[in-house]
Amino acid sequence: MGLLDRFEERLDRVVNGAFARAFKSEVQPVEIAAALQREVDDRAAVISRDRTVVPNAFTTELSAHDYTRLAVYLEALQEELAGLVTEYATEQSYTLFGPVEVVLEQDDELPTGIFRVRSEAHSAINAVGQPRPGQPHLESAGRAYALVRAVNRLGRGPDSDIRVEDPGVSRAHCEIVLGTPAVLRDLGSTNGTLVDGQRVSQIALVDGSTVQVGSTTFVYRTA
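Residues numbered from 1 in each chain as written. Predicted model: local features only at pLDDT ≥ 70, side-chain atom pairs only at ≥ 80, totals over all residues. Heavy atoms only, no water.

Caption draft 1: Just the side chain of Glu 39, in detail. Position of Glu 39 among the secondary structure elements: in helix α3 (residues 29-42). Ignoring sequence-local partners within four residues, the contact set of Glu 39 consists of Phe 58, Val 117, Arg 118 and Ser 119. (Helix = DSSP H or I, 4+ residues; strand = E, 2+ residues; numbered from the N terminus. Contact = heavy atoms within 4.5 Å.)

Structural data, given as structure tokens:
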């Protein structure tokens, strides 16, 4: 039994057989699943001989009619689709930045039976801890990452204080030295460090400075 067949079987079991009776002419869940697999393959980026990175955040845009029909099972369907992508990536020995997320959205301009898939690679970020009130920190995608040491290293290496799983990030990419002001230093990274859009080797940070490493952007906050 193939991956798509297993997906249909699991999903049909979750929603008590509803998909065995519905979706004759409209978009079917298995069509979305197949499109997600193609998107993964099409967007696969070879980083090294043993590492091929693929997106982990997917948005599927549906017509108003198709979205309304699928929305009844939205949570279960999104969860099963994310599981399918994760399983497929594992089978193909692909590398994911972080957990897979699949979101279904309505697009009123699409006709019934037509859908689009968009994907992005959202890096997984791990830090020492959450910031306390008044503590300098970095913000990215709505989350805050504490700067808890006098010298805080950002990179892909396991010894980084803020570890960024992003293929464009070096193992030891840059560091932020706390002080008045705080200073950012690039550590000879392969792709460089951008602060407020400019590549830098060393620069003082102010509240609101944007720091980009690879495809990941942080905002520096003094408190």
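Caption draft 2: Examining helix α4 (residues 64-71) more closely. Along α4, the positions that sit buried rather than exposed are Asp 66, Tyr 67 and Leu 70. End-on, the buried residues of α4 take up no more than an arc of 100°, which puts them together on one face. (Buried < 20%, exposed > 50% of the residue type's maximum accessible area, 1.4 Å probe, protein only. Arc of directions from axis to C-beta.)

Caption draft 3: Expanded view of the sheet that holds strand β11 (residues 162-165). Read from one edge of the open sheet, six strands run β7-β11-β10-β12-β13-β16, paired in mixed fashion. Looking at the sheet topology across the chains shown, the edges are occupied by β7 (124-127) and β16 (202-205). Within the sheet, the average angular offset between the axes of one strand and its neighbour, ignoring direction, is 20°. (Pairing = 2+ DSSP bridges. Axes fitted to C-alpha atoms, helices over the stretch in contact; angles between N-to-C directions.)

Caption draft 4: Representation of the pairing of strand β2 (residues 51-54) in the model. Where burial is concerned, the two faces of β2 agree: the one with Arg 51 and Val 53 and the one with Thr 52 and Val 54 are both buried. As paired elements, strand β1 (residues 45-48) and β2 share three bridges and run antiparallel to each other. Of the residues in β2, the one forming a bridge with Val 46 is Thr 52. Between the end of β1 and the start of β2, which pair antiparallel, lie two residues. With two bridges connecting them, β2 and strand β4 (residues 95-96) associate as parallel partners.

Caption draft 5: Molecular detail of the environment of Thr 112. Mapping Thr 112 onto the fold places it in the loop between β5 (101-106) and β6 (115-120). With 84 residues separating them along the chain, Thr 112 and Asp 196 place their C-alpha atoms 43 Å apart. Not counting residues up to four positions away in its chain, the partners in contact with Thr 112 are Glu 26, Ser 63, His 65 and Asp 66.

Caption draft 6: Just the pattern of salt bridges, in detail. Per the stated rule, a full pass over the model turns up 14 salt bridges. Of the charged contacts in the structure, one is a salt bridge between Arg 51 and Glu 165, with a shortest N-O distance of 3.5 Å. You can see Arg 51 sitting in strand β2 and its partner Glu 165 sitting in strand β11, a full 114 residues away along the chain. Residue Arg 51 is classed as buried on the basis of its relative accessible area, which comes to 17%. A salt bridge links Asp 107 to Arg 116; its shortest N-O distance comes to 2.5 Å. With a relative accessible area of 13%, Asp 107 lands in the buried category. One network of salt bridges, in which partners are shared, links Glu 61, Glu 105, Asp 107, Arg 116 and Arg 118. (Salt bridge = Lys/Arg side-chain N within 4 Å of Asp/Glu carboxyl O.)

Caption draft 7: Structural view of unusual backbone geometry. Residue Pro 181 follows Thr 180 across a cis peptide bond; omega there is 0°. Tracing the sequence through the fold places Pro 181 in the loop between β12 (174-177) and β13 (182-186). In this structure, Ser 93 takes a positive phi of about 60° despite not being glycine. Since its relative accessible area comes to 58%, Ser 93 is described here as exposed. Despite not being glycine, Asp 196 has its phi angle at roughly 50°, a positive value. Relative to the helices and strands, Asp 196 resides in the loop between β14 (193-195) and β15 (198-200).

Caption draft 8: Region of the structure containing the environment of Ala 57. Mapping Ala 57 onto the fold places it in strand β3 (residues 57-62). Sequence separation of Ala 57 and Ser 119 is 62 residues, and the distance between their C-alpha atoms is 5.5 Å. Residues in contact with Ala 57, not counting those within four places in the same chain, are Glu 101, Arg 118, Ser 119, Glu 120 and His 122.

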